[in-house]
Structures are given as structure tokens and as C-alpha cells.
Amino acid sequence: GSATVSYRLTLTVNSQFQVAGSTAIYTQTHAEEIPPPPVWIGPNINNASVAQGQEFVGPTPAIPARWTGVAIEWSLGGTWPADLAINPSTGDIEGTVTDAVASYSGLTVIATNGGGSVPSNEFDVEVLSDVEAPVWGVVADQVYREGEPAAVAMSNHLTAGTTPMTFAIIAGALPQTFTLDTTTGIISGTGTES
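Every chain is numbered independently, its residues counted from 1 as its sequence is written. Local features in this predicted model are restricted to residues whose pLDDT is 70 or higher, and side-chain atom pairs enter the listing and the counts only when it is 80 or higher, whereas totals over whole chains, interfaces and linings include all residues. In computing side-chain properties, one takes all heavy atoms of the structure into account and sets aside hydrogens as well as water.

Now for the overall build of the protein. Put simply, DSSP H or I for four residues or longer makes a helix, DSSP E for two residues or longer makes a strand, and each gets a number counted from the N terminus. When its secondary structure is counted, the protein shows zero helices and 16 strands. Contact criterion: two residues are considered in contact whenever any of their non-hydrogen atoms come within 4.5 Å of each other. Look at the contacts in the protein between residues 6 or more apart in sequence, and 53% of them connect residues 24 or more apart. Surface summary for the protein: the accessible area is close to 12800 Å², and the carbon and sulfur share equals 53%. All accessibility values rest on the Shrake-Rupley procedure with a 1.4 Å probe; residue burial counts only the protein chains present in the view.

Turning our eyes to something else, we now look at the nonpolar core. Nine residue types can take part in a nonpolar core, namely buried Ala, Val, Leu, Ile, Met, Phe, Trp, Tyr and Cys, and a core is a set of them joined through side-chain atoms within 4.5 Å. Classification of residues uses two cut-offs on accessible area relative to the type maximum, computed with a 1.4 Å probe and protein chains only: under 20% is buried, over 50% is exposed, and between them is partly exposed. The biggest cluster of nonpolar side chains holds 20 residues, and the ones touching the most others in it are Ile63, Trp67, Trp74, Trp80, Ile93, Val109 and Phe123. Counting residues per element, the ones that place at least two in this core are β9 (102-113) and β11 (123-128). The greatest single-element share of this core, amounting to four residues, is contributed by β9. If sequence neighbours within four positions are ignored, Ile63 has contacts with Ile45, Trp74, Gly91, Ile93 and Val109. Formed by nine residues, the second largest nonpolar core is a distinct cluster that contains Val152, Met154, Leu158 and Phe178.

A word on the side chain of Thr108. The topology assignment puts Thr108 in strand β9. Apart from the residues within four sequence positions on either side, Thr108 is in contact with Ser75, Leu76, Gly77, Trp80, Pro119, Ser120, Asn121, Glu122 and Phe123.

Following the sequence through the fold, Val125 ends up in strand β11. On the basis of relative accessible area, Val125 is assigned to the buried category, the value being 0%. In this structure, Val125 is in contact with Ala48, Phe56, Trp80, Pro81, Ala102, Ser103, Tyr104 and Leu107, ignoring residues within four places of it in sequence.

Let us now look at the packing of aromatic side chains. Working definition: a ring pair exists when centres of Phe, Tyr or Trp rings (six-membered ring for Trp) sit within 6.5 Å. Plane angles under 30 degrees give stacked, over 60 give edge-to-face, the rest tilted. Counted according to the given criterion, the structure contains four aromatic pairs. A centroid spacing of 4.7 Å and a plane angle of 70° characterise the contact between Trp40 and Trp67, whose relative ring orientation is edge-to-face. Within this pair, whereas Trp40 is found in strand β3 (residues 39-40), its partner Trp67 is found in strand β5 (residues 67-68), the two being separated by 27 residues in sequence. Taken together, the ring pairs in this structure connect Trp40, Trp67 and Trp74 into an aromatic cluster.

Here we come to the sheet that holds strand β15 (residues 178-180). Read across the sheet, three strands follow the order β13-β16-β15 without closing on themselves; strand pairing throughout is antiparallel. The open sheet has two edge strands, β13 (149-153) and β15, and neither has a second partner. This sheet shows a mean twist of 15° between the axes of neighbouring strands, independent of strand direction. Any two strands with at least two DSSP bridges between them are considered paired. Here β13 pairs with strand β16 (residues 186-190) via five bridges, running antiparallel. In the sheet register, Pro149 faces β16, and the bridge partner there is Thr190. Between the N-to-C directions of two axes lies an angle of 0 to 180 degrees, each axis being a line fitted to C-alpha atoms and, for a helix, fitted only over the stretch in contact.

Encoded structure:
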């Protein structure tokens with residue numbers, strides 16, 4: 001393996017002044033301890049997705065756990081969704097996404113200290129639509145007695161989907177005495193002899 005070490009940078013400035021035939025030398029020395037650059041240890045940051053209007057949940061393990069080093073500040077590399085930002089002190093990626101549906105690729109997180117900057121692996125963030133298509137569960141056959149009112153709430157048979165939604169019959173037909181409320185999804189009517 002290789003070892004990284006801190007090093008000391010010393011800058012000495014000598015200035016010479018001459019006043020009325022006398023020469024004076026002024027010396028100023030500045031020393032600064034420069035830490036080694038951060039070291040990427042991983043694991044790699046995985047691709048992520050976030051729906052419009054949702055708060056972004058950053059990667060696990062947290063960003064700082066993926067590097068070693070001291071006095072690190074965090075920044076983002078690449079073109080990120082506009083509503084996401086990184087806290088330069090904690091490495092937390094924060095924000096509620098309102099960007100258009102898109103895939104942002106080639107993104108990195110960058111760790112920087114006095115010794116240099118080191119990026120993470122490249123990864124993608126995908127902004128998804130905030131509208132989720134309806135997903136139907138099992139809808140059993142409906143049997144009703146002649147002359148008795150009946151109703152079934154079709155919305156109770158959905159297992160997923162963004163509301164509000166509308167309902168429509170796109171194949172087949174309801175009995176003539178039944179109707180569909182396109183807003184609520186309730187099919188209602190009175191059973192008649194077939």
C-alpha cells in the first residue's frame with residue numbers, strides 16, 4: 001500500500017530597504033501545515049431516483065463515510081437537478097425536486113481539503129413523474145339480486161396510483177340500469193332480469 005503524509009509549506013520573503021545610505025533587511029516567514037488530500041475508500045455511490053415533489057434521500061452509507069481525510073468540504077460535480085444541493089460541512093445532499101422528468105448522468109460528489117480534491121465514482125440521479133399509474137388488484141365477479149340496489153367502489157380494488165384519477169369503461173358495457181361515476185369510480189344501479 002501507499003502512505004499519505006502531511007507536509008509543511010514554508011514561505012520566506014526577504015525585502016531590502018535602503019534609507020539615507022543604510023540598508024535594512026526585513027524577513028517574514030509564513031508556515032502552514034498542508035493535510036494530505038482526501039482518499040476515496042468507497043463503497044461506490046449507487047444510482048438513485050426521486051419523484052417530483054419528493055425530498056431527496058441521500059445515499060447510505062452517508063457521504064463522509066466514503067472518504068478518509070481531515071478538514072473536508074463537500075461539493076457536487078456534474079449537472080444535478082436544480083433543487084438539490086450538498087451541505088459543504090456535513091456532506092448531506094438535500095432538497096425537494098421540482099425539476100422536469102429527466103435522467104442526470106455522470107454525477108459525482110467531490111471531497112476537498114488543503115491537500116486537493118478527490119471525486120467519487122460517477123452515478124446517475126433520475127427524476128420520476130409524480131404521477132403513478134393505477135394498478136388494479138383482483139376484482140371478483142359481482143352478483144346482485146333482481147330489483148335490489150347495488151354498488152361497488154372500484155377505487156377499493158386499486159393497489160397503487162396517484163389521486164385524483166378518473167374512471168371509464170374502455171371495453172365491454174355495464175347493464176343498462178347501472179352507471180359509472182367517473183370521478184369516484186362507484187358503479188351503482190339496480191339489478192334487473194337479464
